[in-house]
Amino acid sequence: MTDKTIHVTEQEAMDVAEASRQKEWKQPSFMREMFLGNFRLDLIHPYPVHQGERPEFQAFFNTLKDFLRDHVDSDQIDATGEYPEDVVDGLRKLGAFGMKIPKEYGGLGFDQLEYGKVMEMLGAYDGNLSALLSAHQSIGVPQPLKLFGTPEQKKKYLPRCAAGEISAFALTEAQVGSDPARMTTTYELTDDGKHYILNGSKLWCTNGTIAKLLVVMACDSQTKAISAFVVEADWEGVKVEHRCHFMGLRALANAVLSFTDVKIPVENLIGKEGRGLKIALTTLNDGRLSIPNGSVGAAKRALQICREWSAERVQWGKPIGKHEAISHKIADMASITFAMESVAHLATDMSNRGNFDIRLEAAAAKEWNSCRAWEIVDDTMQIRGGRGYETAPSLASRGERPVAVERMMRDYRINKIFEGSSEIMHLFMAREAVDKHLQVAGDVIAHNKGPAEKLQALPHIAAFYASWYPSQWVGNFKSYKEFGPYARYLRFVERSTRRLARQVFHGMMVHQAGLQNKQVFLFRLVDIANELFAMAATVSRVHAMKVNGHPEASNAAELADIFCRQVKRKVKRLFQDLWSNDDSQKYRVALGVLKGKQLWLEEILEGLDPVFEATATERTASRPSRPKVVAIK
Ligand SMILES: Cc1cc2nc3c(=O)[nH]c(=O)nc-3n(C[C@H](O)[C@H](O)[C@H](O)COP(=O)(O)OP(=O)(O)OC[C@H]3O[C@@H](n4cnc5c(N)ncnc54)[C@H](O)[C@@H]3O)c2cc1C
């Protein structure tokens, strides 16, 4: 694998991200409105209620469930680190590789909600299969072709994908994690204009060792513009260099792929040249809804494990679930699982209806659900105690129930990293949070504008803020009384939404152009928005359950109430922390740590681990001379 180091400044990285940002917001977005102080309950209420599943989907769902139960041994898959051929074939026969592919191309034609329900079940059952199917159709060839493909591309490739030719998505490189500006995989048009020649290497490509079809992102060797291509894995010059192995998801067919003078016919360009990153990001808008849905499944599985174990395990004279410390974890788990489901279902339904801009909602659902589910998995390990840490096969061989919490933890953790890490989701949302202010007042706070330009922008700015800012102090006088006991939570969301908008504005005023570097400040704003979104979704849903006479409405109400109480406290704390914090001190300390100021803390490690030998040498060379420790008498 070539590991070319490429130097890109922070500004260049931001410019690439900015250029690929979708700037048009033609459809409404609940969360974007929220950042402007508008609590648009009408966009999420009434909460979507569906009267049963389509029989066709239900039949598939039930068959898949039976298949998982009867044919899939997750511990075995984990132990061997391979997908059994009969399992992959079985999934092919069921049509699972074509769930979201339209029927005219041989797929099952499921909508986003139906696909989300399958992801939820897989999230509860087997992370390896979840990743296999989701990498294939959430981000692999079918999704970008559905959105941007030509009729010919769809006709050529979608039937193959639906029939089970596995696909993969290749964006990441050794130097390109969250920062595509560093891309070194290049393409070049041939003189006859018939082919692109692809060269480079991709890292961590899920399904890469078994895929027949790839979506590859590469940049123009001259202009650096990023484009997306369909590449067939058996073309000359495509090579699996290495199979990567991970802490969890042990069967993941994940590869380092190399491309040497690969000839791609020009017909295989997806969309237009230079639109590759935008295509990738748009694909991910819907694509990343797999993770919040899968996370709901994982949380439900965790709840099941904890409910049973906390009732069964007796310590200190009573079941552990009756000790208050454990009981609180269980209450949180149940209420947060309900909230996670409300968020995932709402965001997925919005995507399904198609008349919403769901970029922020999908990012919020991905970030919030993956973080909450991780906390739940961690609590599950704590509640299972030593048995949580023991592997399922070891438990089984001692005659205990093989409850695989240890595997669950290993398999789940990646969800906070791939398909947009938590930090990148925060950054993406923060950019949109300040977007309107940048549009209105960007000229005044920009470093690169002269005094004349700044002065010229002032009347426009004054006109906008003279009406907008005072309106952020006045409520909408709605009592939300139709929500009964939950009306107070909606009033809280409404008040907090205006407060959030004011704080975004205050942040702009105080930090000006420096705001982009105040990540922790911005991340708190995003956290507030995410919590408020979760709260509004939960209240809207519990209300819908009541109005529609759902048999579990009063049980759900209990969960919603406990959830909203906690969110209120969390949001208040986050608001406080915006202006009362240790952010600057922490940043200063961190820079000191990076410069080696606190190396004395690591002294015992010197010479211990050859992996760090190089750094140890550098360490000694760069260490500032310290005064000898003198014993104080
Ligand atoms: C199991 C697995 C499967 C994967 N599957 C695929 C796949 O199918 N296709 C594919 O293309 N890629 C895939 N990836 C790559 C994955 O999407 C990346 O790991 C992810 O994008 C993060 O990149 P990185 O690991 O290089 O982290 P880096 O970008 O190096 O980031 C390291 C840390 O710094 C944080 N960070 C980075 N930039 C900033 C910033 N500006 N501000 C604040 N924090 C920041 C990140 O959030 C992270 O915590 C996979 C990875 C794994 C481990």
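Residues numbered from 1 in each chain as written. Predicted model: local features only at pLDDT ≥ 70, side-chain atom pairs only at ≥ 80, totals over all residues. Heavy atoms only, no water.

Asks: Describe the overall build of the protein, naming the residues involved and giving the relevant values.
Replies: A tally of regular secondary structure across the protein gives 24 helices and 10 strands. Within the protein, buried positions represent 52% of all 633 residues. Here the protein has roughly 30200 Å² of accessible surface; of this, 55% comes from carbon and sulfur atoms. Distance between charge centres in the protein, computed from 82 positive and 78 negative side chains, equals 6 Å. (Helix = DSSP H or I, 4+ residues; strand = E, 2+ residues; numbered from the N terminus. Buried < 20%, exposed > 50% of the residue type's maximum accessible area, 1.4 Å probe, protein only. Areas by Shrake-Rupley, 256 points an atom, 1.4 Å probe, with all protein chains shown as cover. Lys, Arg positive; Asp, Glu negative; His and termini not counted. Charge placed at Lys NZ, Arg CZ, Asp CG, Glu CD.)

Asks: Go over the domain arrangement of the protein, please, and point to the residues and values.
Replies: When its domains are assigned, the protein resolves into domain 1 (10-42 + 431-583), domain 2 (55-162), domain 3 (167-284), domain 4 (291-419) and domain 5 (586-622). Between the C-alpha centres of domain 2 and domain 3 there is a distance of 22 Å. Facing 26 residues of domain 2, the contacting portion of domain 3 comprises 27 residues. Across the interface of domain 2 and domain 3, roughly 2100 Å² is buried in total on both sides, 63% from carbon and sulfur atoms. Of all residues in domain 2, the largest losses of buried area upon contact with domain 3 belong to Ile 139, Phe 148 and Tyr 157, amounting jointly to 26% of the total for that side. The interface formed by domain 2 and domain 3 contains two salt bridges. Between Glu 82 and Arg 243 there is a salt bridge, and its shortest N-O distance comes to 2.9 Å. Counting the contacts that link domain 2 with domain 3 gives 12 residue pairs in polar contact (both at pLDDT 80 or more). (Domains from an automatic or database assignment. Contact = heavy atoms within 4.5 Å. Buried area = accessible area lost by both parts, 1.4 Å probe. Salt bridge = Lys/Arg side-chain N within 4 Å of Asp/Glu carboxyl O. Polar contact = N/O pair within 3.5 Å; in protein donor to acceptor, adjacent residues only side chain to side chain.)

Asks: An account of the packing of helix 13 (residues 359-384) against helix 16 (residues 405-412) is needed here, citing residue identities and associated values.
Replies: Axes are the key here: two packed helices are described by the angle between their axes and the distance separating the axes. Look at helix 13 against helix 16: their axes get within 10 Å of each other, and the N-to-C directions meet at 155°. With respect to helix 16, the axis of helix 13 lies roughly antiparallel. Crossing of helix 13 over helix 16 shows left-handed handedness. Within the contact between the two elements, helix 13 uses Asn 369, Ser 370, Ala 373, Trp 374, Val 377, Asp 378, Thr 380, Met 381 and Arg 384 and helix 16 uses Val 405, Glu 406, Met 408, Met 409 and Tyr 412. Among the residues making up the contact of helix 13 with helix 16, the classes are represented as eight nonpolar, three polar and three charged. (Axes fitted to C-alpha atoms, helices over the stretch in contact; angles between N-to-C directions. Parallel < 35°, antiparallel > 145°, perpendicular 65-115°, else oblique. Left-handed = near helix turned anticlockwise from the far one by under 90°. Nonpolar A, V, L, I, M, F, W, Y, C, P; charged D, E, K, R; others polar.)

Asks: Quick rundown of a nonpolar patch on the surface? Include the residues and the values.
Replies: Among the surface-exposed residues, Trp 473, Val 474 and Phe 477 lie close enough to one another that they form a single nonpolar patch of about 400 Å² accessible area. Residue position: Trp 473 is located in the loop between helix 19 (451-471) and helix 20 (487-511). (Patch = residues over 30% accessible without salt bridge, like charges linked within 9 Å, V, L, I, M, F, W, Y side chains within 5 Å.)

Asks: Pulling in residues and values, what's your account of the pattern of salt bridges?
Replies: Enumeration over the complete set of coordinates arrives at 38 salt bridges. Between Glu 390 and Arg 398 there is a salt bridge whose closest N-O contact spans 2.8 Å. One salt-bridge network, held together by shared partners, links Arg 32, Arg 431, Glu 432 and Asp 435.

Asks: Please provide a residue-by-residue account of the environment of Glu 419, values included.
Replies: Take Glu 419: it is sitting in the loop between helix 16 and helix 17 (422-433). C-alpha of Glu 419 to C-alpha of Leu 578: the two residues are 159 residues apart in sequence and 28 Å apart in space. Leaving out residues up to four positions away in the same chain, Glu 419 has contacts with Ser 134, Ile 139, Leu 284, Gly 287, Arg 288, Ile 291, Lys 366 and Met 425.

Asks: Would you mind going over the site of the ligand in detail, with residue names and values included?
Replies: Within the structure, the ligand sits among 20 residues, and Phe 169, Thr 172, Ser 178, Ser 421 and Glu 423 are positioned closest to it. Here a nitrogen atom of the ligand and a side-chain polar atom of Thr 206 are 2.8 Å apart. In the complex, the protein chains occlude 69% of the 960 Å² of accessible area that the ligand would expose alone. Counting residues per element, the ones that place at least two in the shell around the ligand are strand 1 (167-170), strand 3 (195-205) and helix 17. (Near = heavy atom within 4 Å.)

Asks: Can you explain the pairing of strand 2 (residues 186-189)? Please cite residues and give values.
Replies: Bridge count for strand 2 against strand 3 is four bridges, and the pairing is antiparallel. Bridge pairing in strand 3 places Leu 189 opposite Tyr 196. Here strand 2 folds back onto strand 3 in antiparallel fashion, the turn holding five residues, of which Gly 193 has a positive phi close to 70°. Relative to strand 4 (residues 213-220), strand 2 runs parallel, the two sharing two bridges. Along strand 4, the bridge assignment pairs Thr 186 with Cys 219. (Pairing = 2+ DSSP bridges.)

Asks: Describe unusual backbone geometry, with residues and values.
Replies: Going from His 45 to Pro 46, the amide bond is cis rather than trans, its omega being 5°. Following the sequence through the fold, Pro 46 ends up in the loop between helix 2 (30-35) and helix 3 (55-71). For Asn 207, which is not a glycine, the phi torsion comes out positive at approximately 75°. Structurally, the position occupied by Asn 207 is in the loop between strand 3 and strand 4.

Asks: So, the layout of surface pockets: which residues are in play, and what are the values?
Replies: Empty space within the second largest pocket amounts to approximately 1300 Å³. Taken together, 42 residues line the second largest pocket, and the ones lying closest to its centre are Glu 53, Lys 117, Glu 120, Lys 300 and Glu 341. Those elements that place two or more of their residues in the lining of the second largest pocket are helix 3, helix 6 (112-125), helix 11 (290-312), helix 12 (324-353) and helix 21 (519-547). Sort the elements by how many residues they give to the lining of the second largest pocket and helix 6 lands first, with eight residues. Among the residues forming the lining of the second largest pocket, the class breakdown is 17 nonpolar, 12 polar and 13 charged. (1 Å grid on protein atoms, 1.4 Å probe; cavity = no way out; pocket = protein on both sides within 12 Å on 5 of 7 lines; lining within 4 Å. Points joined across faces, edges and corners; volume = space filled by probe spheres on them.)

Asks: Describe the packing of helix 11 against helix 13, with residues and values.
Replies: Axis separation between helix 11 and helix 13 bottoms out at 9 Å; the angle between their running directions is 20°. Of the possible angle classes, the one that applies to helix 11 and helix 13 is roughly parallel. Judged by the twist between their axes, the crossing of helix 11 over helix 13 is left-handed. Taken together, the residues of helix 13 that come into contact with helix 11 (itself represented by Ile 291, Pro 292, Ser 295, Val 296, Ala 299, Ala 302, Ile 305, Cys 306, Trp 309 and Ser 310) are Ala 365, Lys 366, Asn 369, Ser 370, Ala 373, Ile 376, Thr 380, Ile 383 and Arg 384. Across the contact of helix 11 with helix 13, the residue classes tally to 12 nonpolar, five polar and two charged.

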